[in-house]
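Structural overview for review
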Amino acid sequence: MYAYLLRRLLAIALLSLAYGCAPEAVRSASRPILDTPAVLPADSVTGVWQGRSFADCPIVTTTNPGRCGAMQQITLTMFQDGPRVSGSYRCAFGNENCRDLAETGVIRNGQMTARLLRIAVMLEDGSMCRFTGMPQNGILEGRYQCHWGGPMELGGFRVERSY
């Protein structure tokens, strides 16, 4: 029994000695990925952004009241890899339902050029919205336009990085 424990302790001691003498590149490569926190560039949009979108009030007629002043709660979950941006979109009731009740979408063709973010959101109902804005100090403000079978909707949005 003691011989078994002695052999185990000796093996552990030799491994520790060998590990301690290994170059730093080998030691850091052998650590689990979760031990080292990811450090994002300061200008990265990677994260979850929450806030509101609000529809503009175009010329409104009695036959086309539009969505003048419609406000929704939105969440953009984005992942930036170099200039490319991907992720997802979520819409929730604000003072009106989401347009055509389309509550989820996928970010396609996202691009971060200099300080300008441009993303296309493909919604579950087949429509598309384009968002353009400039993130600064954890706030992203900009404009959007949505295209579907009816008239185009234009508006603004403001989201803050929540994490």
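Scroll up a little and you will see the structure.
A brief report on the enclosed structure follows.

1. A closer look at the pattern of salt bridges
Applying the stated rule across the entire model yields seven salt bridges. One salt bridge connects R67 with E96, and the closest N-O pair in it is separated by 3.7 Å. Of this pair, R67 sits in the loop between β1 (47–55) and β2 (71–81) while E96 sits in the loop between β3 (84–93) and β4 (104–113), and the two are 29 residues apart along the sequence. A relative accessible area of 17% means that R67 is categorised as buried. E153 is paired through a salt bridge with R67; the nearest N and O atoms lie 2.5 Å apart. Here R67 lies in the loop between β1 and β2 and E153 lies in strand β8 (residues 153–161), a separation of 86 residues in the sequence. Accessibility classification places E153 together with R67 in one group, the buried group.

2. Here we look at the state of the cysteines
This structure, assessed with the given rule, holds three disulfides. The partner cysteine of C129 in its disulfide is C146, sulfur to sulfur 2.0 Å. When the S-S torsion is 110°, as for the bridge of C129 with C146, the disulfide is right-handed. Taken as a pair, C129 in strand β6 (residues 128–136) and C146 in strand β7 (residues 139–147) lie far apart in primary sequence, 17 residues in all. Side by side, C129 and C146 carry an identical accessibility label, which is buried.

Rules of the game
Residue positions are given per chain, counting from 1 as you read along its sequence in written order. Per-residue local features of the predicted model are confined to residues with pLDDT of at least 70, and side-chain atom pairs are confined, for both listing and counting, to 80 or more; whole-chain, interface and lining totals are unaffected and use all residues. Excluded from the side-chain calculation are hydrogens and water; included are all heavy atoms of the structure. Note on definitions: salt bridges are taken to be side-chain nitrogens of Lys or Arg within 4 Å of carboxyl oxygens of Asp or Glu. Helix and strand definitions here come from DSSP, where helices need a minimum of 4 consecutive H or I residues and strands a minimum of 2 consecutive E residues; each element is numbered from the N-terminal end. When a residue's accessible area, from a 1.4 Å probe over protein chains only, is under 20% of the maximum for its type it is buried; when over 50% it is exposed; and in between it is partly exposed. Cysteine sulfur atoms are paired as a disulfide whenever they fall within 2.5 Å.

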